[in-house]
Amino acid sequence: MSAVSRAGTIPSSCLHEVFNAAERRERATGRPVIKLHVGEPYFKPPREVAEATAEAVRTGRTAYTSAEGMPALREALAVKLEMENSHRTSPDHIFVTPGSCQGLAALMQSMAEPGDELLLPELHWPIHLQQCLLAGFRPVFYPLGPDYRPSAEGIRAAVTPRTRAILINSPANPTGAVLGAEALAAILAVAQERDVQIISDEAYEHFVYDGEHTSFASLERGLPEHERRISSTFSFSKSLAMTGYRLGYVVTPHRRAADAMRVVQEASLVSPSTPVQYAGLTALKSRDSAVRNAALVRANRDRALPALRDAGLLAELPQGGWYAVLDVAGVCDDAEVFVQGLLEQYDVGLAPAAGFALRPVVSESVRTLSAEPAPGARTLVRLAFCGDPKELDTGVERLLAYTAERRASGGHP
Ligand SMILES: Cc1ncc(COP(=O)(O)O)c(C=O)c1O
């Protein structure tokens, strides 16, 4: 028997490493690092949300709820989904989760059969890959175009008889790509034709800067339940800056999927945190905050990112989300080296994107044997633009200065 478990073979997230490197640097120098490597917003959750949480604790509303979460919150979420997402569903299909991260992991566990494959975008949030491997899925990667959007043809070509589900993340982390109704409809047609499920991660639903967010499951609105195949995940973390509350939700397409998901949640959680669910009930009334927060991040994008485009580091402004993928190929052939130099010389943190493009080789039992990055990702880095505007501006200025220095010295300052 192997001394290392299957989970123990899965690579830890590159974000973990970058986070630690920045902390070490701060401790060593006593100077603050401008943290453009992490997606922590500078705006705060609405005040009334904190009050609702405290009130729930004070008044003793702290008992377990069901594995799905409180009926009142699930009913309110069903109304939100209908009104904001054109997604008609029933509270019975909704699960309140401690962050959409846990919701995604649970959803994958509820779907996976031995030997199944999950399709992921070639550049993806590293946690999606971990969740895929933990659930026992073999990861298969679908290509993204030069604008980081997938095409239905690219996805069709990646589907095999073992494909169980396709993960779609729009707006996307790390690329900021947004898929409109037409692109989603073409992907849905592939899923229907090849009879595979869809997981739609909509954590950044409110952060769409050019046009409107389309919730994938709204395209199945007219279908009877048994013909639906889209499971969706949503989060309170981004829209309302409730990152540490840990609150999200999963919407399953039909009763069978909900039954499987309930088992995973019973086994994983017993129930989500009750005071945090009261926070969610109040937060749902704060749509104005979500709209305001999106305007703040959009203003950051419009002010800080064009200079990166002009410097040849960014192909186009991200259409959504909190992140931009920069290509430093013109000044460095290894993003890790670039990022380390920027941290050491300018106290600015960026995330090398190689960790967003790992290509694990897995055994029959989905143990990870190796996980090298895709060669094309070696010069990519991710920058988060949801932070404090002044820090973002200073960080971008320093990044441009560092880039200019490297360029002037032929890539080797
Ligand atoms: C694409 C994507 N999905 C899901 C999440 C999870 O968010 P949470 O668990 O806070 O809801 C994140 C967080 O960074 C993310 O970037």
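About the criteria used
- Residues numbered from 1 in each chain as written.
- Predicted model: local features only at pLDDT ≥ 70, side-chain atom pairs only at ≥ 80, totals over all residues.
- Heavy atoms only, no water.
- Helix = DSSP H or I, 4+ residues; strand = E, 2+ residues; numbered from the N terminus.
- Rg over C-alpha atoms; globule rule 2.2 N^0.38 Å.
- Buried < 20%, exposed > 50% of the residue type's maximum accessible area, 1.4 Å probe, protein only.
- Contact = heavy atoms within 4.5 Å.
- Areas by Shrake-Rupley, 256 points an atom, 1.4 Å probe, with all protein chains shown as cover.
- Lys, Arg positive; Asp, Glu negative; His and termini not counted.
- Charge placed at Lys NZ, Arg CZ, Asp CG, Glu CD.
- Near = heavy atom within 4 Å.
- Polar contact = N/O pair within 3.5 Å; in protein donor to acceptor, adjacent residues only side chain to side chain.
- Pairing = 2+ DSSP bridges.
- Domains from an automatic or database assignment.
- Salt bridge = Lys/Arg side-chain N within 4 Å of Asp/Glu carboxyl O.
- Axes fitted to C-alpha atoms, helices over the stretch in contact; angles between N-to-C directions.
- Parallel < 35°, antiparallel > 145°, perpendicular 65-115°, else oblique.
- Left-handed = near helix turned anticlockwise from the far one by under 90°.
- Nonpolar A, V, L, I, M, F, W, Y, C, P; charged D, E, K, R; others polar.
- Expected span 1.5 Å × (residues − 1).
- Arc of directions from axis to C-beta.

*Asks:* Can you walk me through the overall build of the chain in this structure?
*Replies:* Assigned secondary structure in the chain consists of 13 helices and 14 strands. The C-alpha atoms of the chain give 21 Å as radius of gyration, which agrees with the globular expectation for 413 residues (22 Å, within 12%). When each of the 413 residues of the chain is scored for burial, the buried share is 56%. Taking contacts inside the chain between residues at least 6 apart in sequence as the whole, the part at least 24 apart equals 75%. Surface summary for the chain: the accessible area is close to 17300 Å², and the carbon and sulfur share equals 53%. Counting 42 positive and 48 negative side-chain charges, the chain places the centres of these two groups 3 Å from one another.

*Asks:* What am I meant to see in the site of the ligand here?
*Replies:* The full set close to the ligand counts 13 residues, and Ser100, Asp201, Ser235, Ser237 and Arg246 are the nearest of them. Separating an oxygen atom of the ligand from a side-chain N or O atom of tyrosine 204 is a distance of 2.8 Å. Contact with the protein chains covers 93% of the free accessible surface of the ligand, which is 400 Å². No other element matches helix α4 (residues 99-111), which puts three residues into the shell around the ligand.

*Asks:* Could you clarify how one ought to interpret the sheet that holds strand β9 (residues 323-327) in this entry?
*Replies:* Working definition: the strands of a sheet are paired by backbone hydrogen bonds and lie parallel or antiparallel to each other. On the basis of which strands lie adjacent, the open sheet formed by three strands has the order β9-β14-β11 and antiparallel pairing. With partners counted over all chains shown, the strands left at the sheet margins are β9 and β11 (351-352), one partner each. Two strands pair when backbone bridges link them, and β9 and strand β14 (residues 380-384) are joined in this way by five bridges, in the antiparallel orientation. Within β14, the position partnered with leucine 326 by the bridge is valine 381.

*Asks:* Help me understand the domain arrangement of the chain in this model?
*Replies:* You'll often see interface size given as the accessible area lost when the parts meet. The domain architecture assigned to the chain consists of domain 1 (7-44 + 288-403) and domain 2 (47-286). Taken together, the 43 residues of domain 1 in the interface contact 38 residues of domain 2. Between the two partners, domain 1 and domain 2, sit three salt bridges. Note that arginine 298 is salt-bridged to aspartate 210, the shortest N-O span being 4.0 Å.

*Asks:* Looking at this model, I keep getting lost on the packing of α4 against helix α8 (residues 255-268). Mind explaining?
*Replies:* Packing of α4 against α8 leaves a shortest axis separation of 8 Å and a crossing angle of 120°. On the basis of their axis angle, the class for α4 and α8 is oblique. Judged by the sense of rotation from one axis to the other, the crossing of α4 with α8 is right-handed. The segment α4 lies against α8, with Gln102, Gly103, Ala106, Leu107, Gln109 and Ser110 engaging Ala260, Met261, Val264, Gln265 and Ser268. For the contact of α4 with α8, the class distribution of residues is five nonpolar, six polar and no charged.

*Asks:* Whenever I open this one, the pattern of salt bridges confuses me. Can you help?
*Replies:* When the charged atoms of two side chains with opposite charge come close together, those side chains can pair. Considering all chains together, one arrives at 21 salt bridges under this definition. Salt-bridge contacts for arginine 298 lead to aspartate 302; the nearest nitrogen and oxygen are separated by 3.3 Å. One end of the pair is arginine 298 and the other is aspartate 302, both in helix α10 (residues 287-304) and four residues apart, which spans about a single turn. Judged by relative accessible area, arginine 298 falls into the partly exposed class, the value being 31%. Put simply, arginine 301 and aspartate 302 hold a salt bridge, and the shortest N to O gap is 2.9 Å. Taking relative accessible area as the criterion, arginine 301 reaches 4% and is therefore assigned buried. A cluster of three or more residues bridged by salt bridges with shared partners is formed by Asp210, Arg298, Arg301 and Asp302.

*Asks:* How should helix α1 (residues 14-29) be read in this particular structure?
*Replies:* An α-helical turn contains 3.6 residues, so any two residues separated by three or four positions project in the same direction. For α1, spanning 16 residues, the distance from its first C-alpha to its last is 23 Å, which sits close to the expected 22 Å at 1.5 Å a residue. Among all positions of α1, only Cys14, Leu15, Val18, Ala22, Arg25 and Glu26 are buried. Viewed end-on, α1 has its buried residues packed into an arc of 115°, placing them on one side of the element. Pointing more than 90 degrees away from the buried face of α1 are the exposed residues Glu17, Arg27 and Ala28. Buried residues belonging to α1 abut β1 (34-35), α5 (126-135), α12 (335-346), β11 and β14. In the stretch just after α1, glycine 30 is the one whose phi turns positive, near 75°.

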